[in-house]
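Here is how the chains run, residue by residue.
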Amino acid sequence: MTRYRVEVERGKKYWTIHVPAVERHTQARKVGEIHDMAQDLIQCMTDKPADEIELDIHIDLPADVQERLDRAEALRAEAARAQGKAAEELRGAAAALHEIGLSMREIGQVLGVSYQRAHQLVSGGRQVA
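Describing the pairing of strand β1 (residues 2-10)
Then step 1. By the bridge criterion, eight bridges tie β1 to strand β4 (residues 53-60) in an arrangement that is parallel. Within β4, the residue paired with Tyr4 across the bridge is Leu55.
Then step 2. As defined by bridge partners, β1 adjoins strand β2 (residues 15-19) across four bridges and the pair is classed as antiparallel. Residue pairing for β2: Glu7 is matched across the bridge by His18.

Some remarks on unusual backbone geometry
Then step 1. Positive phi values are uncommon outside glycine, yet Glu23 reaches one of about 50°.
Then step 2. Tracing the chain through its elements places Glu23 in the loop between β2 and β3 (24-28).
Then step 3. Here Asp47, not a glycine, exhibits a phi torsion of approximately 65°, which is positive.
Then step 4. Inspection of the secondary structure assignment puts Asp47 in the loop between α1 (34-46) and β4.
Then step 5. When its relative accessible area of 70% is taken as the criterion, Asp47 is described as exposed.

Let's talk about the nonpolar core
Then step 1. Among the nonpolar cores identified, the biggest contains 14 residues, and Tyr4, Val6, Ile17, Val19 and Leu55 are the most heavily contacted of them.
Then step 2. Every element with two or more residues in this core is listed here: β1, β2, α1 and β4.
Then step 3. Among the elements that line this core, the one with the most residues is α1, at four residues.
Then step 4. Not counting residues up to four positions away in its chain, the partners in contact with Leu55 are Tyr4, Val6, His35, Ala38, Gln39 and Ile42.
Then step 5. In this structure, Ala94, Leu97, Ile107 and Val113 belong to the second largest nonpolar core, which totals seven residues.

Points about the packing of aromatic side chains
Then step 1. Summed over the entire model, instances satisfying the criterion amount to zero aromatic pairs.
Then step 2. Between the NZ or CZ atom of Arg105 and the centre of the ring of Tyr115, over which it lies, the distance is 4.8 Å.

Here's the deal with the pattern of salt bridges
Then step 1. Overall, the coordinates contain five salt bridges when judged by the stated rule.
Then step 2. Between Glu7 and Arg5 there is a salt bridge, with its nearest N and O atoms 3.0 Å apart.
Then step 3. Owing to a relative accessible area of 32%, Glu7 belongs among the partly exposed residues under this scheme.
Then step 4. Residues participating in the shared-partner salt-bridge network are Arg3, Glu54 and Asp56.

So, the confidence of the model for the chain
Caution applies to low-pLDDT regions: their predicted coordinates should not be interpreted in detail.
Then step 1. Averaged over all residues, the pLDDT of the chain equals 94, while 96% of them reach at least 70.
Then step 2. Considering each helix and strand of the chain separately, the mean pLDDT is smallest for helix α4 (residues 115-123), with a value of 94, and largest for β2, with 98.

Here is what the cut-offs are and how they apply
Residues numbered from 1 in each chain as written. Predicted model: local features only at pLDDT ≥ 70, side-chain atom pairs only at ≥ 80, totals over all residues. Heavy atoms only, no water. Pairing = 2+ DSSP bridges. Helix = DSSP H or I, 4+ residues; strand = E, 2+ residues; numbered from the N terminus. Buried < 20%, exposed > 50% of the residue type's maximum accessible area, 1.4 Å probe, protein only. Core = buried A, V, L, I, M, F, W, Y, C linked by side-chain atoms within 4.5 Å. Contact = heavy atoms within 4.5 Å. Phe/Tyr/Trp six-rings, centres within 6.5 Å; stacked < 30°, edge-to-face > 60°. Lys NZ or Arg CZ within 6 Å of the ring centre and 35° of its normal. Salt bridge = Lys/Arg side-chain N within 4 Å of Asp/Glu carboxyl O. pLDDT = per-residue confidence, 0-100.

Spelled out as structure tokens, the structure:
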């Protein structure tokens, strides 16, 4: 299996596809065509069968778009961390309520979750409410 880097950027009408290893370019009308067009180009230039070709596709996006994608990824990671902390706090609240003598049904009512979910929280279950 040979891995080929595929560099892609948007032109006025088409996606320009460059494969440095074969020093050739091709085009695709739609993003969904990039893989097949790059693979066809490599097959034509190297005579390798498709099952011996692995593509490493890099799409060069405009800077403002890439910045937004980077910020979105950072926000997703931050949200995942916050969700984990919230679940930990919910488990702690359920455990504290259990320690002061509330039943599972009462814990569920206070926390706005089902009896079964209250039991999971007190037991340290990882399922999110």
